[in-house]
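Structural overview
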Amino acid sequence: MSAKPKFAMYWAASCGGCEISLLNIGDKILQVDEAFDIVFFPCIADFKLADAEGYPDGFIDICFFNGAIRNSDNAEMAHLLRRKSKILVAYGSCAYEGCIPALSNLTTAEATLRAVYEDNPTIDNPSAVRPQTSVAVPEGELTLPSFYNTVLALDQVVTVDYVIPGCPPEPHQVSAVLDLVIQGAPLPPPGNTVVGAGTVAVCEECPLAKDVKRIKRFYRPYEIVPEPGICLLEQGLVCMGPATRSGCGALCPRVNMGCRGCYGPLDGVVDQGARMLSAIASVLDVGKIGEDEAALERAIESAVATLADPAGTFYRFSMAHSLL
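What comes next is a walk through the structure.

What counts and how
- Residues numbered from 1 in each chain as written.
- Predicted model: local features only at pLDDT ≥ 70, side-chain atom pairs only at ≥ 80, totals over all residues.
- Heavy atoms only, no water.
- 1 Å grid on protein atoms, 1.4 Å probe; cavity = no way out; pocket = protein on both sides within 12 Å on 5 of 7 lines; lining within 4 Å.
- Points joined across faces, edges and corners; volume = space filled by probe spheres on them.
- Nonpolar A, V, L, I, M, F, W, Y, C, P; charged D, E, K, R; others polar.
- Pairing = 2+ DSSP bridges.
- Helix = DSSP H or I, 4+ residues; strand = E, 2+ residues; numbered from the N terminus.
- Contact = heavy atoms within 4.5 Å.
- Axes fitted to C-alpha atoms, helices over the stretch in contact; angles between N-to-C directions.
- Buried < 20%, exposed > 50% of the residue type's maximum accessible area, 1.4 Å probe, protein only.
- Core = buried A, V, L, I, M, F, W, Y, C linked by side-chain atoms within 4.5 Å.
- Salt bridge = Lys/Arg side-chain N within 4 Å of Asp/Glu carboxyl O.
- Parallel < 35°, antiparallel > 145°, perpendicular 65-115°, else oblique.
- Left-handed = near helix turned anticlockwise from the far one by under 90°.
- Phe/Tyr/Trp six-rings, centres within 6.5 Å; stacked < 30°, edge-to-face > 60°.
- Disulfide = S-S within 2.5 Å.

Here's the deal with empty space enclosed by the protein
One pass over the full model with this rule turns up one cavity of 30 Å³ or more. A volume near 40 Å³ is recorded for the largest cavity. Taken together, Ile62, Ile87, Val89, Tyr162, Val177, Leu187 and Val195 make up the full set of residues lining the largest cavity. Residues of the lining of the largest cavity, tallied by class, amount to seven nonpolar, no polar and no charged.

In structure tokens, the structure reads:
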């Protein structure tokens with residue numbers, strides 16, 4: 001091994017987009033190769049579990065861990081790479097807050113397995129066979145990881161030093177963080193600290209005009225054509241910008257798609273979905289002054305009913321950390 005610092009990246013319960021985002025930094029990937037020895041990165045090279053297990057504790061200088069903790073294998077790898085790494089980074093929304101995999105926390109592991117292996121209309125499984133954690137065969141014992149009832153974020157399993165948020169993280173923010181490491185610049189104090197992203201809401205970097213309009217109902221994206229240049233939330237299209245950390249450049253609102261919240265909550269916000277509910281309340285205009293309370297309640301319920309899948313909308317990326 002050379003004297004260069006050691007870099008690792010691992011993929012747990014996620015879609016794989018985070019690995020692609022690292023490649024999206026373009027020519028700078030060559031600088032990463034010059035600056036680091038890549039010692040564990042199963043997605044791009046033939047690394048084995050035994051390779052990571054064989055390194056001394058603290059051998060890896062920086063490890064990007066992407067993906068949520070869905071099963072026992074994910075958890076074991078999180079503990080292993082925590083021991084082997086000086087700096088462990090929760091890379092991307094799945095590792096940071098559970099992201100799409102954690103939406104299954106709205107149900108149970110039993111219901112999930114039943115839906116996939118028994119009630120699935122595209123599967124032929126009359127005996128209702130499910131994956132088993134251990135099966136004896138003539139050659140020995142075959143094992144699979146155990147499926148957790150709850151999807152966890154990385155920091156709910158091991159201590160995380162830094163977070164690079166996003167689904168996936170944007171190339172410019174990844175480059176900025178890698179530059180700090182390559183140049184040996186001081187990093188902020190560790191402790192699940194967000195790096196490479198902004199400290200204000202997405203709305204602050206969004207160019208759409210905010211006229212403090214109030215709305216009567218909400219629309220799904222296919223139901224209306226938004227007026228160009230006007231805040232989407234004020235047109236009745238759900239946009240998580242008020243409750244989401246900046247840093248992406250407001251890419252989605254710029255093309256008339258509401259922010260989905262992938263950069264996570266602002267500093268000091270305990271629950272991203274709850275923060276968004278307060279923003280929703282600020283633009284909703286139903287009822288009249290002096291109106292009967294029962295009538296007002298019906299009007300509010302009618303308006304809120306136009307919000308499709310509130311839990312999936314407000315907690316699309318943050319379910320593992322939510323108060324729910």
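Next comes the rest of the description.
A few points about the sheet that holds strand S2 (residues 37-40)
One open sheet accounts for six strands, arranged S2-S1-S3-S5-S9-S10; its pairing is parallel. Sheet topology places S2 and strand S10 (193-194) at the edges, where each strand pairs with a single neighbour. Note: strand S3 (residues 60-66) against strand S5 (residues 85-91), five bridges, orientation parallel. Directly across from Ile62, in S5, lies its bridge partner Ile87. Relative to the sheet, helix H4 (residues 72-84) contacts strand S1 (6-11), S2, S3 and S5, its axis offset from that of S5 by approximately 140°.

Notes on the pairing of S5
Among the seven residues in S5, five count as buried, and that is most of the element. Pairing of S5 with strand S9 (residues 162-164) involves three bridges; the strand directions are parallel. Opposite Ala90, over in S9, you have Val163 as the bridge partner.

Considerations on the nonpolar core
Grouped together as the largest cluster of nonpolar side chains are 37 residues, with contacts concentrated most on Phe218, Leu233, Met276, Ile280 and Phe314. With four residues, the top contributor of residues to this core is helix H9 (residues 272-283). Excluding anything up to four places from it in sequence, Phe218 contacts Glu223, Leu233, Gly236, Val238, Ile280, Leu284, Ala303, Thr306 and Leu307. Listed in part, the 25 residues of the second largest apolar core include Ala52, Phe65, Met77 and Val157.

Topic: unusual backbone geometry
The omega torsion across Cys167 and Pro168 is -10°, close enough to zero to call that bond cis. Mapped onto the elements of the fold, Pro168 is located in the loop between S9 and helix H7 (171-183). Positive phi values are uncommon outside glycine, yet Ala250 reaches one of about 50°. Inspection of the secondary structure puts Ala250 in the loop between S10 and helix H8 (251-254).

A word on the pattern of salt bridges
Overall, the coordinates contain 14 salt bridges when judged by the stated rule. Note that Asp267 and Arg245 form a salt bridge whose closest N and O atoms lie 2.6 Å from each other. Remark: Arg245 occurs in the loop between S10 and H8 and Asp267 occurs in the loop between H8 and H9; sequence separation between them is 22 residues. For Asp267, a relative accessible area of 55% gives the class exposed. You can call Arg245 buried: its relative accessible area is 4%. What emerges from the salt-bridge pattern is a single network uniting Glu110, Arg114, Glu118, Asp119 and Arg130.

Some details on the packing of helix H2 (residues 28-35) against H7
Running from amino to carboxyl end, H2 crosses H7 at an angle of 30°, the nearest separation of the two axes being 11 Å. With respect to H7, the element H2 is oriented roughly parallel. Relative to H7, the crossing made by H2 is left-handed. When H2 is examined against H7, the residues Lys28, Gln31, Val32 and Ala35 are found in contact with a partner set consisting of Ser175, Leu178, Asp179 and Ile182. Split by residue class, the contact of H2 with H7 holds four nonpolar, two polar and two charged.

Considerations on the packing of aromatic side chains
Tallying each qualifying case throughout the model produces eight aromatic pairs. Seen from their ring centres, Tyr10 and Phe65 are 5.8 Å apart, and the 45° between their planes marks the pair as tilted. Here Tyr10 is found in strand S1, whereas its partner Phe65 is found in strand S3, with 55 residues between them in sequence. Note on Phe65: relative accessible area 0%, which makes it buried. In this structure an aromatic cluster arises from ring pairing among Phe7, Phe36, Phe41, Phe64 and Tyr91.

Description of the state of the cysteines
Under the criterion given, the structure shown has zero disulfides. Here Cys94 stays free of any disulfide, with the sulfur of Cys99 as its closest cysteine sulfur at 3.9 Å. No disulfide involves Cys206; its sulfur sits 6.5 Å from the nearest other cysteine sulfur, which is in Cys239.

Scope: geometric values only; no functional claims are made or implied.
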